[in-house]
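Working through the structure, step by step
Residue strings, one per chain:
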Amino acid sequence: QVQLQESGGGLVQAGGSLRLSCEALGNIGNIKSMGWHRQAPGKQRELVAVISSGDTTSYTDSVKGRFTISRDNAKNTVYLQMNSLKPEDTAVYYCNIVARGVFKQYDYWGQGTQVTVSS
């Protein structure tokens, strides 16, 4: 029914940039928030950035000033612009979209895209 299609990951040198995209395919309903999480080997998954239905954005401290989250409502797409990348940013990045249906909340996840930053 609903799939989140991620793209934009890859291998970059420290200081470089990547732009991740996540498009929601299918009848996703009323989107409440769109965000990005990441998980590095041996680490817990952490929230990186989120944008709400009211366009309020939040970032984890380690990426503030370097990452920017944005969305295109017409395309049901969320982006993560990542600048000044560091090796510590290496992780699998997961798109997350929270939507509210008539009777319950839905929590959708992308398949993950690998971001590797070399020193």
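Scroll up a little and you will see the structure.
Below is a short write-up of the structure. Values in this document were obtained by computation on a predicted structure and should not be read as measured data.

Details of the side chain of Arg-66
- Position of Arg-66 among the secondary structure elements: in the loop between strand S6 (57–59) and strand S7 (67–72).
- Here the side chain of Arg-66 touches Ser-84 through a polar contact of 3.0 Å, landing on its backbone oxygen.

So, the nonpolar core
- Grouped together as the largest cluster of nonpolar side chains are 29 residues, with contacts concentrated most on Leu-4, Ile-28, Trp-36, Leu-80, Met-82 and Tyr-93.
- Elements represented by at least two residues in this core include exactly strand S3 (18–25), strand S4 (30–39), strand S5 (46–52), S7, strand S8 (77–82), strand S9 (91–100) and strand S11 (113–118).
- Among the elements that make up this core, the one with the highest residue count is S9 (five residues).
- The residues contacting Leu-4, other than those within four sequence positions of it, are Cys-22, Glu-23, Ala-24, Ile-28, Cys-95, Asn-96, Ile-97, Tyr-108, Trp-109, Gly-110 and Gln-111.

Re the pairing of S11
- By the alternation rule, side chains of S11 split into Thr-113, Val-115 and Val-117, which are all buried, and Gln-114, Thr-116 and Ser-118, of which none is buried.
- Strand direction decides the pairing type here: strand S2 (residues 10–13) and S11, joined by four bridges, are parallel. Opposite Gln-13, over in S11, you have Ser-118 as the bridge partner.
- The pairing of S9 with S11 spans three bridges and is classified as antiparallel. Each residue of the ladder has a partner; that of Val-92, found in S11, is Gln-114.

What counts and how
Residues numbered from 1 in each chain as written. Predicted model: local features only at pLDDT ≥ 70, side-chain atom pairs only at ≥ 80, totals over all residues. Heavy atoms only, no water. Helix = DSSP H or I, 4+ residues; strand = E, 2+ residues; numbered from the N terminus. Polar contact = N/O pair within 3.5 Å; in protein donor to acceptor, adjacent residues only side chain to side chain. Core = buried A, V, L, I, M, F, W, Y, C linked by side-chain atoms within 4.5 Å. Buried < 20%, exposed > 50% of the residue type's maximum accessible area, 1.4 Å probe, protein only. Contact = heavy atoms within 4.5 Å. Pairing = 2+ DSSP bridges.

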